[in-house]
Amino acid sequence: MNKHQIIGSRQKRVDALGKVTGAAKYAADYNIPFQLYGAVKYAEYPHAIIKKIVTAEAEKLAGVTTVLTCKDVPGKNHFGLIPNIRILADDRTRYLGDVVAIVAAENIKTANQAVEMIQIEYEELPAVFDPEEALKPNAVKLYDEGNQIVHHKVRKGNITEGFRQADFIIENKFTTQAIEHAYLEPEAALAMPDEHDGFKIIGCMQNFYTSHKVIAGALDKPLSKVQIIQSTMGGSFGGKDESATLVAVRAALLAQKTGRPVKMVNSREDSFIQSYKRHPYKMYYKWGCKKDGTIAAMEMKIIADGGAYCSMSPFVTWRSVVQATGPYYCANVKTDVYAAYTNNNFTGAMRGFGSPQVNFAIESMMDELAEKVGKSPLEIRLQNGFEQNAVTATGQKLDHYVSLKDVLQTSANESSFETCWKENKSKQKIGKKIVRGIGLACAYRGVSLGAEGVDAPSSIVYVQPDGSVSLASGIIDMGQGARTAMAQIAAEVLGLPLTRVHFQEPDSGRVADSGATVASRGTIMGGGAMKIAAENVRKIMENTAREKFKLSKGDIVFKNENIFIRKNKSEKKICSFDTLVEACYQAGRPLFASGVRNIAVTSWDEETGQGNAYFTFVYGTNIAEVEVDLASGKVNVTRFLSTHDVGKAVNKSMVEGQIYGGVAMGMGYGVMENFIQESGKAKTINFDEYYIPTALDMPKMKSIIVENEDKFGPFGAKSIGEPALEIAAPAIANAIYNATGKRIYNLPANLEEILLGRKLRRDVERGSVSCKIEV
């Protein structure tokens, strides 16, 4: 039974009407009279010194108002965690998505024509495209300080002693590919000068507080002179941080130079060429195991391709190092995770943020361990999986409710996993065209940013004099439903239906810097801030009610648009919500309050990789069923079960939507998607070449929502956005093995590997492919 009025119910999304009617305005829908159109000039080499830029011919073209290069940026031309992302390439080009010059013209056709007239003299340099090669001492250097972006470590126990205790060793190399975010809406922005020597920018920036700082810095303006307004977003999945910021800041620079509004809209091809991707990983996993199935030692070396710029590589790889051992006991751990610069597209945030890659390796290793000791995949996970008060590889004691075995057992029971797995394994494959398999994968995931940075989002609640409610938050709704979840939280606190709550567009001048909308922190952190703001408003109303109605004892209850006093388990109505609102305003008490959620209970030692990395974790299990065509190698995912402990489902329909969307993305990651580059040149720059799952590819899906309320979450809610994605691919890979007896070591699971199966494994054993970990 739901103890809440709004929380946990299947409410309609607050932004649904505008989207289904076409009334919602996306960034490219905004236009203003006398606006100009911007276009970009791309680099011609992935690595080259820029010796000379000639813009004279382009500037003479009728309709062109300005051409800008790096020398025309009045403020800062670089930004990022390590500030090496170039707004306009200056000293050299480092990937083919670098922009060397930008043009503003009266129409987009003229702007594109002018771009072709810009002449650039280059001195081509040797390039490096493999991150492992980039880390070698004699490698071509993209930066004077070298190609290593970051090196994270975890050290626990005695790795040498752990391997000495082991009865056998499992050692494998795994690789994952670069992935395009594939959001429906490409990046776009409209930049407008205002009458006060400031600028207003409307765009689809996921991290619009960073965009705010970058744009102000480039224009050489104080933050107060730059206003960022968030348009309705058509998806992001982590991809509209730096990529969307670059589009917006270039439009702003053109607007500043011309004194006119400038609109820039990426084509799909522009988006593929410019934008950052999911990090490709090379992972060397070496485990020392005992005959009973326990794990005595884990040694991992992981190398991430960071591409041309730092972007989020330090944070993405930090999550990888924290979670590289999975939710499993091991007393002796040595993990090293590196990110390296290359001349490929730079890589950054994408849904999962460093966990999908390592989960593929971890869950494949667990299945191989199970086979070595004669146990099922379920049995080996139940044997080694975390329980209450477990201590992780980073030394963190899990003092919340650890539901790993709950979600494992629930999924196994619902899918009849043990029976199906054994039946598929025992079936004769020879002579069959279609074979079937079932696979399992589970994971734990640290919630929100954790020890990687400050985590303190803000929200505002304003009860208007007529009793309607306006909300604002620094958390961005990119399509995931954050507005609806936060509106439900505020409505629950105030005892109102969702129809009385209105969510305002995010605006950099309205709500305090709340950081990026990443790390599945929208509900637990943004919703937490919204709950605090609503409670602060309610306190004003409670105090007014006690004074007006002379209430000294009892609890004041807000529900069903009325106010009640509760004494001895009985409730008596005092007045309507609107009556109390009127009383507050008559008493000179405006009902406006902000809320900030800050959970500062994490710690981290960078040298040892020990500490309380996250304040809480979520747990999930995926089970995939596949059919494999042994003639062609085609994989058809037929059924998929996804079980997640979300703490508390604020809106069950939205939780299910996140789960099913995560399955779709994870399936693409596992068997289909691959952003291909050859010598730094993108070969898949539209959806006729870059394949993503369609409705016809999707399996029959079922979700199971497990609820163990967490003390840190609003009404006990935790996270689901990224957990829904991160274990789909390994579940599918393990199902392929159950069907074919052929292990997948590289994503996406390609036809050759499925058909040839153990060829790569034999190459490793012969020594032609090295899986050795350098100590």
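In this text, all values refer to a predicted model and were calculated from it rather than measured experimentally.

## Examining the overall build of the chain
Right, so step 1: Scanning the chain from N- to C-terminus turns up 21 helices and 30 strands.
Right, so step 2: Relative to its length of 775 residues, the chain is compact, with a C-alpha radius of gyration of 27 Å against a globular reference of 28 Å.
Right, so step 3: Viewed in the frame of its principal axes, the chain has a C-alpha envelope of about 80 × 80 × 50 Å.
Right, so step 4: Intrachain contacts of the chain at a sequence separation of at least 6 include 79% that bridge at least 24 residues.
Right, so step 5: Accessible surface, the chain as shown: approximately 29,100 Å² in total, 51% of it carbon and sulfur.
Right, so step 6: Within the chain, the 87 negative side-chain charges are centred at a point lying 5 Å from the centre of the 93 positive side-chain charges.

## Examining the sheet that holds strand 15 (residues 281-289)
Right, so step 1: Strand order across the open sheet formed by five strands is 9-17-16-15-10, with mixed pairing between neighbours. The two strands at the open ends of the sheet, each matched to only one other strand, are strand 9 (148-156) and strand 10 (168-175). Ignoring strand direction, the axes of neighbouring strands in this sheet form an average angle of 5 degrees.
Right, so step 2: Alignment of strand 16 (residues 295-307) against strand 17 (residues 333-341), held across nine bridges, turns out to be parallel.

## Focus: the nonpolar core
Right, so step 1: Of all hydrophobic cores here, the largest spans 156 residues; its most connected members are Ile-87, Ile-201, Ile-215, Met-283, Tyr-285, Trp-287 and Val-626.
Right, so step 2: Looking at this core element by element, the count peaks at ten residues for helix 7 (residues 242-258).
Right, so step 3: Ignoring any residue separated from it by four or fewer positions in sequence, one finds Val-626 in contact with Val-435, Arg-436, Gly-437, Val-635, Asn-636, Val-637, Thr-638, Ile-732, Ala-735, Ile-736 and Ala-739.
Right, so step 4: Residues Ile-563, Phe-577, Val-650 and Ala-717 belong to the second largest nonpolar core, which totals 43 residues.

## As for the packing of aromatic side chains
Right, so step 1: Summed over the entire model, instances satisfying the criterion amount to 23 aromatic pairs.
Right, so step 2: Ring centres of Tyr-285 and Trp-287 lie 6.3 Å apart, and the angle between their planes is 50 degrees; on these two criteria the pair is classed as tilted. By the burial criterion, Tyr-285 is buried, and Trp-287 matches it.
Right, so step 3: Ring pairs connect the aromatic residues Trp-318, Tyr-329, Phe-386, Tyr-444, Trp-604, Tyr-614, Phe-617 and Tyr-619, which therefore count as one cluster.
Right, so step 4: Above the plane of the ring of Tyr-669 lies Arg-278, whose end atom (NZ or CZ) is 4.8 Å from the centre.
Right, so step 5: Sitting over the ring of Phe-715, Lys-531 keeps its end group 5.0 Å from the ring centre.

## Thoughts on the sheet that holds strand 8 (residues 119-124)
Right, so step 1: Within the open sheet, the three strands sit side by side as 6-2-8. Their pairing is antiparallel. The sheet is open, and its two edges are formed by strand 6 (92-93) and strand 8, each paired on a single side.
Right, so step 2: Relative to strand 6, strand 2 (residues 48-54) is paired through two bridges, and the arrangement is antiparallel. Looking at strand 6, one finds that Ile-49 is bridged to Arg-92.

## A word on the domain arrangement of the chain
Right, so step 1: Once the domains are mapped, the chain shows domain 1 (28-125 + 194-274), domain 2 (281-450 + 605-756) and domain 3 (456-596).
Right, so step 2: Domain 1 and domain 3 are separated by 40 Å when their C-alpha centres are compared.
Right, so step 3: Each side of the interface is counted separately: domain 1 has 18 residues, and domain 3 has 17 residues.
Right, so step 4: At the boundary of domain 1 with domain 3, total buried surface from both sides reaches about 1,300 Å², with 52% on carbon and sulfur atoms.
Right, so step 5: In terms of surface lost to domain 3, no three residues of domain 1 exceed Gln-206, Tyr-209 and Gln-230, which account for 46% of the buried area on that side.
Right, so step 6: Taken together, the connections running from domain 1 to domain 3 amount to six residue pairs in polar contact (both at pLDDT 80 or more).
Right, so step 7: Those elements that provide at least two residues to the side of domain 1 that touches domain 3 are helix 6 (208-219) and strand 13 (226-230).
Right, so step 8: Looking at the side of domain 1 that touches domain 3 element by element, the count peaks at five residues for strand 13.

## Focus: the pattern of salt bridges
Right, so step 1: Per the counting criterion, the structure on display carries 41 salt bridges.
Right, so step 2: Note that Glu-161 and Arg-164 form a salt bridge whose closest N and O atoms lie 2.4 Å from each other. With a gap of three residues between them, Glu-161 and Arg-164 both fall in helix 5 (residues 159-165), about one helical turn apart.
Right, so step 3: Take Arg-164: its relative accessible area is 58%, and that puts it in the exposed class.
Right, so step 4: Across the salt bridge formed by Asp-336 and Lys-334, the nearest N and O atoms sit 3.3 Å from each other.
Right, so step 5: Relative accessible area serves as the criterion here: at 7%, Asp-336 is assigned to the buried category.
Right, so step 6: Given the relative accessible area of 12%, Lys-334 is considered buried.
Right, so step 7: Several salt bridges share partner residues, and in doing so they unite Arg-86, Asp-90, Asp-91 and Arg-94 into one network.

Thresholds, definitions, all that
Residues numbered from 1 in each chain as written. Predicted model: local features only at pLDDT ≥ 70, side-chain atom pairs only at ≥ 80, totals over all residues. Heavy atoms only, no water. Helix = DSSP H or I, 4+ residues; strand = E, 2+ residues; numbered from the N terminus. Rg over C-alpha atoms; globule rule 2.2 N^0.38 Å. Contact = heavy atoms within 4.5 Å. Areas by Shrake-Rupley, 256 points an atom, 1.4 Å probe, with all protein chains shown as cover. Lys, Arg positive; Asp, Glu negative; His and termini not counted. Charge placed at Lys NZ, Arg CZ, Asp CG, Glu CD. Pairing = 2+ DSSP bridges. Axes fitted to C-alpha atoms, helices over the stretch in contact; angles between N-to-C directions. Core = buried A, V, L, I, M, F, W, Y, C linked by side-chain atoms within 4.5 Å. Buried < 20%, exposed > 50% of the residue type's maximum accessible area, 1.4 Å probe, protein only. Phe/Tyr/Trp six-rings, centres within 6.5 Å; stacked < 30°, edge-to-face > 60°. Lys NZ or Arg CZ within 6 Å of the ring centre and 35° of its normal. Domains from an automatic or database assignment. Buried area = accessible area lost by both parts, 1.4 Å probe. Polar contact = N/O pair within 3.5 Å; in protein donor to acceptor, adjacent residues only side chain to side chain. Salt bridge = Lys/Arg side-chain N within 4 Å of Asp/Glu carboxyl O.

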